[in-house]
Amino acid sequence: MPREAEPSLNEKQFVIQALQENLRLDGRELDQYRPLELTFGDQYGVADVTLGNTRILAKATAEVTVPYADRPLDGIFTIATELSPMTSPAFEVNRPTETEVLLSRLLEKTVRRSGALDTESLCLVAGQKCWSVRVDVHALSHDGNLTDAACLAVVAALRHFRKPDTSMEGGRLTVYTPAEREPVPLSWLHSPFCVTWSFFGDEGELAVLDATWLEEQVRVGSCTISLNKHGEICQIAKLGGTPVDAVALLQCTNVALTKVKEFSDLVDQKLAEDLKRRDKGGFMAELRAENDR
Amino acid sequence: MPLDTSTYNLALLRVDGRRWNELRRVHAQIRTQAAADGSSYLEMGHTKVMCVVTGPSEPGPRRGGVAGGGSGGAGAGGAGGKAEVVVGIVIAGFSSVDRKRHGRGDKRTLELASTVANALAASLHTHLFPHSQINVSLHVLSQDGSLLAALINAATLACVDAGIPMTDYVAACTAGSTSTYAANDEGADPLLDLNHQEEQELPGLTVATLGESDRVAVLVCESRVQVSRLEGMLAVGVDGCKQMREILDRVVRDKGRRMIQEGTVEKGVGLDDMDVD
Amino acid sequence: MPITILPPRSSRPINSNNNSRLPQEDASSSEESDSDSGGGVDLDGDVPMRPRQQVRTTFQARPPPRDLASAVVTPGEVITDDPQWMRGHGTYVAPQTTAIVSSVAGTVTRTNKLLSVRPLRARYTPEVGDLVVGRVVEVQARRWRVDVGSTQLAALPLSAINLPGGILRKRTETDELQIRTFFAEGDLVVAEVQQLFGDGGAVLHTRSLKYGKLRNGVFVAVSGMGGGGGVVRSRRQVWTMDAANGGGQVDVVLGVNGYVWISKHVETPEAEATAAGGSITNMEESLSATVYSSQNDRIEVETMREIARLRGVVMALVENGLRVDEEMVIKGYHEAVEMAMVSPEGPDDIYLGGEKGQQLAAALTGA
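If you look chain C up in an unreviewed UniProt entry, it shows as Exosome complex component N-terminal domain-containing protein from Corynascus novoguineensis. What the UniProt record of chain C gives under Sequence similarities (unreviewed entry) is the line "Belongs to the RRP4 family." Recorded in UniProt under Subcellular location (unreviewed entry), the annotation for chain C is "Nucleus".

Chain A is annotated in an unreviewed UniProt entry as Exosome complex component RRP45 from Corynascus novoguineensis. Taken from UniProt, the Sequence similarities (unreviewed entry) comment for chain A reads in full: "Belongs to the RNase PH family."

Next comes the structure, spelled out in structure tokens:
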């Protein structure tokens, strides 16, 4: 497995010294995100997030299956991450690296364990049939901050997704195709988003948002905070690294809250645009007899 | 309910009889295994963890390069001019109430191992041992909450026992809150050192600090909690870490004193003997 | 809980009735430690066991020394704020201050203006001139990598060994291709540390007839057996002694790194030649190929028994916290022979673990 070339000492020193003078290589502020773009695919449940040069694609799918034996009233919800050699030669398919394990755990804690998706609503027949919703996250390009982009993609994909409509008649379950009945959105409780801070300096005194890949290789510590716009922390993960002052961490959390509100507005806005695009005027438009010019 | 709310408001006692700011009984030993470079055994309440440290020694066959420095610290191996800290965790099947077999590649275990490795790497003077590897092996014998905290504390003790130079102890403990995530109740109390039942039902976090300072090395919160609660929990947690450091320090001093008494180790110059000749 | 887990039992205090047997003056003890190492700074890894002077004292009551608890410093503890001190091993300077802070748990040692902390336990750190016993782990292009129990493998270059056929024989390509005929993986070597790399790795050499490949004996690792630091520094590291019960002569090699080799003494042709009064040139030419032979000579059963007894003595010394050096090993051996005489199995009884070992240690400290 080839290793990625580490940045040279000169590069590292350059980045660190520039940060100490409040300069970042791409001219951003220390707490400014790169331009964030969110597009949806034609199919329901496909979200494509671009954060600078980092690009993540998330696709949500659902199928009917048997629920877990110890949770007969809950549906199944899994998030699978794929970091392939497309992103970096150091990643190998089916050989999880530490980065992939941590990313997968973060997404799991942020989206799954915080109860963003109501799994009880996925149950069809108690103990026998339920929906199994699966989100596949593919990293297409890695230029730092996979976590934030991946979480945004997952949330957007799940909110965009429509599962087929079902009905129960006397013990028989009927699943309708999209042609028969409009698919229905998932039961979504809250939207968590991740904000990753990177720390630089001997005592971790410089805190920077949305690090690029070069900045990530130079940083001495990082902390990922997941919140939703109501100010509920879903998880915090500062997994080691240079110790940072506790008060500084609290300030980071407060700034994270403002960023999460921005993300939330962005996702809402994009979803609304997408809905309008698909809608094309609704019922009355269907009954029109005019031809398009 | 870990906090029987009615009695909690009356006597402010938790189910096991502790108040909000009391640690559980901590029992720790170092040099439990003579054959290892460093070893320790730690109990925090019913959470029991054993740790063995080998090294710094020659690194094993090179593991595949880890893409991405992660959260800094342990990565980049011996070639980076620093010792690499490698942590392995084995959680015994009999450690929890229901027997559960934990595979080696379990993601939660890998995350715990990565956290402990990065926490240690931030404190150990790894630059003194380039091209070498420090192997930390942790065994969980019994779980009753605060698992990550116990792992970090045991690993710190074992590294001190192995004589690996470090900046200061990395002491960890857990803190929680009696509030629920949705409510904005002002009457919510922060709690110190959660056991298993409290961890399941109440929001909590694990925090590790470097020595006596307020600098946080590890902060892990896996439950939903209001942002306003965070400050209280963090403050209580950091205070608990300081108490933990005192306990760990006392264990090391006692053992050192015993070793000097038994003559296994030369008694050195007393600290107040340092007059200029 | 269905399973009860008991904490590990701490090892029994050795000589628990000797608690009061401690030096009175701090100054005198520091002088002892300085003189033990022959002056200079005691660096990491050099943790001599109980010095001889303490072994000789009997059960006289002494007043407990003051400040015993503060004699141990722990990581993160400030040793002094005074800027006049220089910091040595085991310490670091806290950033933006002049305070010297300890980075290991151990005792403070002072040499002139140099403050260092000797850890309670640490791996062996090589010093130039140490005699070490090591095991060959890797064979590389023109050198071997040898495990000496340190943080890194030591290097033994092909140019640093005696080539058979004469010390001044030129190294040829054939030698490089046949490098495994000299030392292969797993061989034991006694060598001296010639120099150190910048990062602390050692470079060894065996350019003397008393160094080279070890055979006809057994290996004991003193480190990693609960001993203080596992390092043994004494006046003589290698000696030959007479074994009892018809065992003949036995060589003992105490490596400074805590690796010990006990073997049957075999007269080499070179040694015989020198003993017969040969000149230097004769000796060089007679460096035969048997020097690198991996074949053991024939060892008699009595010799094997005495070698095993010596090994038991060394392990008993370590397990009971006593110093492992020439005097203690020889005394311990004589003591063990006497113990075997009075035991029911006679001279065949060589077991010295557990209680027998404690009995031996008690006899040595009392003697």
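The rest of the description comes next.
Colleague: Can you explain the overall build of chain A? Please cite residues and give values.
Modeller: For chain A, the count of helices and strands is 6 helices and 15 strands. Overall, chain A is about 70 × 55 × 40 Å in size when its C-alpha atoms are taken along their principal axes. When the 293 residues of chain A are sorted by exposure, 52% land in the buried category. The long-range share in chain A, meaning contacts at least 24 apart out of those at least 6 apart in sequence, stands at 70%. By element, 49% of the accessible surface of chain A is carried by carbon and sulfur atoms, the whole surface being about 14100 Å².

Colleague: Got a sec to walk through the environment of Lys-255 of chain B? Specific residues and values, please.
Modeller: Residue and element names in this part refer to chain B. Note that Lys-255 resides in helix H5 (residues 227–261). On the basis of relative accessibility, which here comes to 13%, the residue Lys-255 falls in the buried class. Non-local contacts of Lys-255, meaning those with residues more than four positions away in its chain, are made with Ile-30 and Arg-31.

Colleague: Before we move on, can you summarise the sheet that holds strand E17 (residues 259–264) of chain C with the specific residues and values?
Modeller: Residue and element names in this part refer to chain C. Strand order in the open sheet formed by 4 strands is E14-E17-E16-E15, with antiparallel pairing between adjacent strands. At either end of the open sheet lies a strand with only one pairing partner, and these are strand E14 (217–221) and strand E15 (238–243). Strand-to-strand twist across the sheet, computed as the mean angle between neighbouring axes with direction ignored, equals 20°. Both E14 and E17 contribute to a ladder of 5 bridges, which runs antiparallel. Across the sheet, the residue bridging to Ala-221 is Tyr-259, located in E17. Packed onto the sheet, helix H8 (residues 326–342) meets E15 and strand E16 (248–254) and runs at close to 10° relative to E15.

Colleague: Explain the interface of chain A and chain B to me, and be specific about the residues and the numbers.
Modeller: Taken together, the contact between chain A and chain B spans 45 residues of the former and 40 residues of the latter. Buried area between chain A and chain B, both sides added, is near 3800 Å², and the carbon and sulfur share of it is 57%. Here chain A and chain B share 7 salt bridges between them. With a closest N to O distance of 3.8 Å, Glu-203 of chain A and Arg-215 of chain B form a salt bridge. For the pair chain A and chain B, the interface holds 19 residue pairs in polar contact (both at pLDDT 80 or more). Going through the elements one at a time, helix H2 (98–112), strand E13 (221–227), strand E14 (232–238), strand E15 (244–245) and helix H5 (246–279) of chain A are the ones with two or more residues in the side of chain A that touches chain B. In the side of chain A that touches chain B, the residues fall into 18 nonpolar, 15 polar and 12 charged. In terms of strand pairing, E14 of chain A meets strand E9 (residues 215–221) of chain B through 3 bridges, oriented antiparallel. Along E9 of chain B, the bridge assignment pairs Ile-236 of chain A with Cys-221 of chain B.

Colleague: How would you explain the side chain of Ser-104 of chain A if you had to name every residue and give the values?
Modeller: Within the secondary structure, Ser-104 of chain A sits in helix H2. For Ser-104 of chain A, a relative accessible area of 7% puts it in the buried group. Excluding residues that lie within four positions of it along the chain, Ser-104 of chain A makes contacts with Thr-81 of chain A together with Lys-107 of chain B.

Colleague: Talk me through the packing of aromatic side chains; I want residue IDs and the actual numbers.
Modeller: Using the criterion set out here, one finds 6 aromatic pairs over all chains in the structure. A centroid spacing of 5.0 Å and a plane angle of 85° characterise the contact between Tyr-33 of chain A and Phe-263 of chain A, whose relative ring orientation is edge-to-face. With a gap of 230 residues between them, Tyr-33 of chain A in the loop between helix H1 (9–20) and strand E1 (36–40) and Phe-263 of chain A in helix H5 connect regions that are remote in the sequence. With respect to burial, Tyr-33 of chain A and Phe-263 of chain A carry one shared label: buried. Where Phe-182 of chain C meets Tyr-292 of chain C, the ring centres are 5.4 Å apart and the plane angle is 70°; that geometry is what we call edge-to-face. Taken together, the positions of Phe-182 of chain C in helix H4 (residues 179–182) and Tyr-292 of chain C in the loop between helix H6 (280–285) and helix H7 (301–319) put the pair 110 residues apart, joining distant regions of the chain. Residue Phe-182 of chain C is classed as buried on the basis of its relative accessible area, which comes to 4%. Classification of Tyr-292 of chain C as buried rests on a relative accessible area of 7%. For the cation-ring pair, Arg-278 of chain A lies above Tyr-44 of chain A, with the distance from its terminal atom to the ring centre recorded as 4.4 Å. Of note, Arg-135 of chain C hangs over the ring of Phe-219 of chain C, and the distance from its end group to the ring centre comes to 5.1 Å.

Colleague: So what about the pairing of strand E6 (residues 106–111) of chain C? Which residues, and what values?
Modeller: All names here are of chain C. Most of E6 sits inside the fold, with 6 of its 6 residues counted as buried. The pairing of E6 with strand E7 (residues 114–119) spans 6 bridges and is classified as antiparallel. Bridge pairing in E7 links Val-108 to Val-117. What sits between the antiparallel neighbours E6 and E7 is a turn of 2 residues, in which Asn-112 has the positive phi angle 55°.

Colleague: Could you give an account of the UniProt feature "domain: Exoribonuclease phosphorolytic" (unreviewed entry) in chain A, naming the residues involved and the relevant values?
Modeller: Residue and element names in this part refer to chain A. Per the UniProt entry, the sites bearing "domain: Exoribonuclease phosphorolytic" (unreviewed entry) are residues 32–164 and 191–257 in this numbering. Note that residues 32–164 is 23% helix and 37% strand, and that its end C-alpha atoms are spaced 39 Å apart. Helix makes up 27% of residues 191–257 and strand makes up 42%, while its end C-alpha atoms are separated by 13 Å.

Colleague: If you had to explain the nonpolar core to someone new, which residues and values would you point to?
Modeller: In globular proteins that are soluble, nonpolar side chains generally tend to be buried together. Residues Val-111 and Leu-158 of chain A together with Val-136 and Leu-138 of chain B are the most contacted members of the largest nonpolar core, which totals 139 residues. Once residues lying within four places of it in the same chain are set aside, the contact partners of Val-136 of chain B are Cys-51, Val-52, Val-53, Val-85, Val-86, Val-87, Gly-88, Leu-120 and Ala-155 of chain B. Formed by 29 residues, the second largest nonpolar core is a distinct cluster that contains Trp-239, Val-250, Ile-262 and Leu-310 of chain C.

Colleague: I'd love a proper account of the pairing of E14 of chain A, names of residues and values included.
Modeller: Successive side chains on a regular strand alternate, one facing one side of the sheet and the next facing the other. With 7 of 7 residues buried, E14 of chain A is to be regarded as a mostly interior element. In this antiparallel pair of consecutive strands, E13 of chain A and E14 of chain A, the connection spans 4 residues, and Gly-231 of chain A shows a positive phi of 85°. Across 2 bridges, E14 of chain A lies against strand E10 (residues 225–226) of chain B in antiparallel orientation. Along E10 of chain B, the bridge assignment pairs Glu-232 of chain A with Gln-226 of chain B.

Colleague: Could you give an account of the UniProt feature "domain: Exosome complex component N-terminal" (unreviewed entry) in chain C, naming the residues involved and the relevant values?
Modeller: Those places that UniProt annotates as "domain: Exosome complex component N-terminal" (unreviewed entry) correspond, in this numbering, to residues 72–111 of chain C. What you have in residues 72–111 of chain C is 0% helix and 48% strand, and the ends, taken at the C-alpha atoms, are 18 Å apart.

Colleague: How would you sum up the pattern of salt bridges? Please name residues and give values.
Modeller: Scanning the model with the defined rule gives 43 salt bridges over all chains in all. For the salt bridge of Arg-113 of chain A with Glu-222 of chain B, the shortest nitrogen-to-oxygen distance reads 3.6 Å. You can see Arg-113 of chain A sitting in the loop between H2 and strand E5 (123–125) and its partner Glu-222 of chain B sitting in the loop between E9 and E10, one on each of two chains. Classification of Glu-222 of chain B by relative accessible area gives partly exposed; the value is 28%. Measuring nitrogen to oxygen at the nearest pair gives 2.5 Å for the salt bridge that ties Arg-224 of chain B to Glu-232 of chain A. Here Arg-224 of chain B is found in the loop between E9 and E10, whereas its partner Glu-232 of chain A is found in strand E14 on a different chain. For Glu-232 of chain A, a relative accessible area of 8% puts it in the buried group. Residues joined in a network through salt bridges with shared partners are Arg-14, Asp-16, Arg-18, Arg-24, Asp-144, Asp-193 and Glu-198 of chain B.

Colleague: Residues and numbers for the packing of H8 of chain C against helix H9 (residues 354–366) of chain C, please.
Modeller: Residues and elements named next belong to chain C. At a minimum axis distance of 10 Å, the contact between H8 and H9 shows a crossing angle of 120°. Considering the angle they form, H8 stands oblique to H9. By crossing handedness, the relation of H8 to H9 is classed as right-handed. On H9, the residues touching Met-328, Lys-331, Gly-332, Glu-335, Ala-336 and Met-339 of H8 are Lys-356, Gln-359, Leu-360, Ala-363 and Leu-364. For the contact of H8 with H9, the class distribution of residues is 6 nonpolar, 2 polar and 3 charged.

Colleague: Tell me what's going on with the sheet that holds strand E1 (residues 72–73) of chain C, and back it up with residues and numbers.
Modeller: Spatially, the 4 strands line up as an open sheet ordered E1-E6-E7-E3 (chain C), and their pairing is mixed. Among the strands making up the open sheet, the edge pair consists of E1 and strand E3 (86–87) of chain C.

Colleague: Any chance you could break down helix H3 (residues 147–161) of chain B for me, citing the residues and the numbers?
Modeller: All names here are of chain B. A rise of 1.5 Å per residue sets the reference length of H3, with its 15 residues, at 21 Å; its end C-alpha atoms lie 21 Å apart and thus fit the reference within 8%. Counted residue by residue, H3 has 15 buried out of 15 residues, so it is predominantly covered. Count one or two residues on from H3 and you reach Gly-163, which has phi positive near 75°.

Rules behind the numbers
- Residues numbered from 1 in each chain as written.
- Chains lettered and ligands numbered in written order.
- Predicted model: local features only at pLDDT ≥ 70, side-chain atom pairs only at ≥ 80, totals over all residues.
- Heavy atoms only, no water.
- UniProt positions renumbered as here; feature names shortened; annotations may be inferred.
- Helix = DSSP H or I, 4+ residues; strand = E, 2+ residues; numbered from the N terminus.
- Buried < 20%, exposed > 50% of the residue type's maximum accessible area, 1.4 Å probe, protein only.
- Contact = heavy atoms within 4.5 Å.
- Areas by Shrake-Rupley, 256 points an atom, 1.4 Å probe, with all protein chains shown as cover.
- Pairing = 2+ DSSP bridges.
- Axes fitted to C-alpha atoms, helices over the stretch in contact; angles between N-to-C directions.
- Buried area = accessible area lost by both parts, 1.4 Å probe.
- Salt bridge = Lys/Arg side-chain N within 4 Å of Asp/Glu carboxyl O.
- Polar contact = N/O pair within 3.5 Å; in protein donor to acceptor, adjacent residues only side chain to side chain.
- Nonpolar A, V, L, I, M, F, W, Y, C, P; charged D, E, K, R; others polar.
- Phe/Tyr/Trp six-rings, centres within 6.5 Å; stacked < 30°, edge-to-face > 60°.
- Lys NZ or Arg CZ within 6 Å of the ring centre and 35° of its normal.
- Core = buried A, V, L, I, M, F, W, Y, C linked by side-chain atoms within 4.5 Å.
- Parallel < 35°, antiparallel > 145°, perpendicular 65-115°, else oblique.
- Left-handed = near helix turned anticlockwise from the far one by under 90°.
- Expected span 1.5 Å × (residues − 1).

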